[in-house]
Amino acid sequence: MEDLLLRGGRVGGLRQDIAIREGRIHRIAPDLAPAGYEVLEISDKLVLPGFVETHIHPDKAFIADRSDGLRAGGPTPQMLVAEQKKKFTVDDVYQRARRALELAIRHGCTTMRAHVEVDIFVEMRGVEALQRLQKDLAGALDLRLIAFAQEGIFGAQEPTKALLRDALKAGLSTLGGAPFMDTDQRGHIDWFFETAQEFGVPLDFHADSGDDIAMLTTDYIAEQTIKRRMHGRVTLGHVGMLDALPPKDRADVIAKVREAQIHVISLPATELHVKGRTDAQKTWRGVTRLGELRDAGVNIAISTNNIVNPFTPYGHPDLLRQALITAASAHLGNLDQLAWLPELFTTNSARLLGLEDYGLAEGCRADLVVLDARDAAQAITEQVEKLYVIKAGRVVARSTRTTELRLP
Ligand SMILES: [Zn+2]
């Protein structure tokens, strides 16, 4: 494999060359000597570090055509997917998840932490399929897996506890809960903290996705994180309930989240499809308060969540698309905000996952995306092509799509 020299790209607002050696960024400077390199001319094209998905469900991707979807008075998306999940085979999960992962790679994703459902319906079939994909795509995607209890862990799902432990023993590196799926939310949260501590793994909760503030758990999760000294090792997805809290209560919860160094992932595409359906007056957007969390110093990220299933029939693992949805749904579309939105699926996501050697600096791993834009605002607004996706110094996707304008 010949080392690459990316010539004339835009890095942090400046025109720079990037020399890559042995999978790492060797030098960043203007006008580097090209001898010994394969040169990619990327004149004035924006270079970002590889995109990082932190919350995504490849195991239940591409099943939207297996049910009628959400209808007034009909089943919840959880119920629709649970029925389908009983019929999943390892090969079925593998094929659908592979399609999702290939799309993600083609759209700039170089690292992904994905949820894998583990419960009495699907047992370990999703784990088996995703662990195969982890190996099969290793050169193109750093795939990390969360053992996720979408159906809860009490009552009929009691055996899920043993299955989750099996998944962690099989090598899954994060434990994931969903407190709202159990009546005893605190009991659910306690079991996840105890088990995560026993196995020494970080935690990820689907938390506070609804608007009934009596169900709030973020404050309790933050208290437990602090008490158990798990600062920086707990992540919450959704947290749309923050938006339903009175401002003073919201500020108190955000302060606790900040103290616990909890990471917050917003999943706006799913919120916009699922939330606010029963409200006769105002259709609540359900997206968390990203701006306030950021201002308070909380590490925030955005991610894709669902791909073509009853939760998000139009879900697509393109983080540039999620950035546009975020800009529109979270009042983050001013030019200064568009300029920092990519942090929510690059540097912030990398911090959430604890990635080492990540970023656009000499010595970092050469995970890069070259976009057909001069800056982030243009990239998001025009939803531009990803010209090159580079993983550890190797081009893993290249877009050659062009449109020929035939003007008078
Ligand atoms: Zn999710």
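Each remark here, short or long, concerns the structure printed above.
The rules behind these values
Residues numbered from 1 in each chain as written. Predicted model: local features only at pLDDT ≥ 70, side-chain atom pairs only at ≥ 80, totals over all residues. Heavy atoms only, no water. 1 Å grid on protein atoms, 1.4 Å probe; cavity = no way out; pocket = protein on both sides within 12 Å on 5 of 7 lines; lining within 4 Å. Points joined across faces, edges and corners; volume = space filled by probe spheres on them. Helix = DSSP H or I, 4+ residues; strand = E, 2+ residues; numbered from the N terminus. Nonpolar A, V, L, I, M, F, W, Y, C, P; charged D, E, K, R; others polar. Pairing = 2+ DSSP bridges. Axes fitted to C-alpha atoms, helices over the stretch in contact; angles between N-to-C directions. Salt bridge = Lys/Arg side-chain N within 4 Å of Asp/Glu carboxyl O. Parallel < 35°, antiparallel > 145°, perpendicular 65-115°, else oblique. Left-handed = near helix turned anticlockwise from the far one by under 90°. Contact = heavy atoms within 4.5 Å. Phe/Tyr/Trp six-rings, centres within 6.5 Å; stacked < 30°, edge-to-face > 60°. Buried < 20%, exposed > 50% of the residue type's maximum accessible area, 1.4 Å probe, protein only.

Looking now at the layout of surface pockets. Volume-wise, the largest pocket comes out at about 880 Å³. Within the residue set of the lining of the largest pocket, elements represented by two or more residues are helix H1 (77-85) and helix H8 (268-274). Ranked by residue count, the leading element in the lining of the largest pocket is H8, at three residues. Residues of the lining of the largest pocket, tallied by class, amount to eleven nonpolar, 16 polar and nine charged.

What follows is about the sheet that holds strand S11 (residues 234-238). Taken together, the eight strands give an open sheet; going across it, the order is S6-S7-S8-S9-S10-S11-S12-S13, and neighbouring strands pair in parallel fashion. Taken across any chain shown, the strands that pair with only one partner, and hence form the sheet edges, are strand S6 (51-56) and strand S13 (300-302). When strand polarity is set aside, the average angle formed by the axes of neighbouring strands in this sheet is 25°. Sheet topology places strand S8 (residues 142-148) next to strand S9 (residues 174-177); three bridges connect them, and they run parallel.

Opposite charge on two side chains makes pairing possible when the charged atoms of those side chains draw close. Per the stated rule, a full pass over the model turns up 33 salt bridges. One salt bridge connects Glu151 with Lys85, and the closest N-O pair in it is separated by 2.6 Å. You can see Glu151 sitting in the loop between S8 and helix H4 (160-169) and its partner Lys85 sitting in helix H1, a full 66 residues away along the chain. Asp204 is the salt-bridge partner of Arg113, the closest N and O atoms lying 3.3 Å from each other. Pair noted here: Arg113 is in strand S7 (residues 109-117) and Asp204 is in strand S10 (residues 203-207), with a separation of 91 residues, a long-range link. Look at the salt bridges and you will find they share partners, linking Lys60, Lys85, Glu117, Asp119 and Glu151 into a network.

Before going further, it helps to spend a moment on the packing of H4 against helix H5 (residues 185-199). The interhelical angle for the contact between H4 and H5, taken along N-to-C directions, is 30°, at an axis separation of 11 Å. The orientation of H4 relative to H5 falls into the category roughly parallel. Helix-helix and strand crossings are classified by hand; for H4 and H5 the assignment is right-handed. Contacts from Lys161, Leu164, Arg165, Leu168 and Lys169 in H4 reach Trp191, Phe192, Thr195, Glu198 and Phe199 in H5. Class assignment of the residues belonging to the contact of H4 with H5 gives a composition of five nonpolar, one polar and four charged.

So, on to the packing of aromatic side chains. Per the counting criterion, the structure on display carries four aromatic pairs. On the numbers, 5.0 Å between centres and 80° between planes, the contact of Trp191 with Phe192 is edge-to-face. Judged on exposure class, the residue Trp191 and its partner Phe192 are both buried. Centroid distance Phe192 to Phe205: 6.0 Å. Interplanar angle 70°. Geometry classified as edge-to-face. Taken together, the residues span a long stretch of sequence, with Phe192 in helix H5 and Phe205 in strand S10 at a distance of 13 residues. An aromatic cluster is defined as three or more aromatic residues linked by ring pairs; in this entry it consists of Trp191, Phe192, Phe193 and Phe205.

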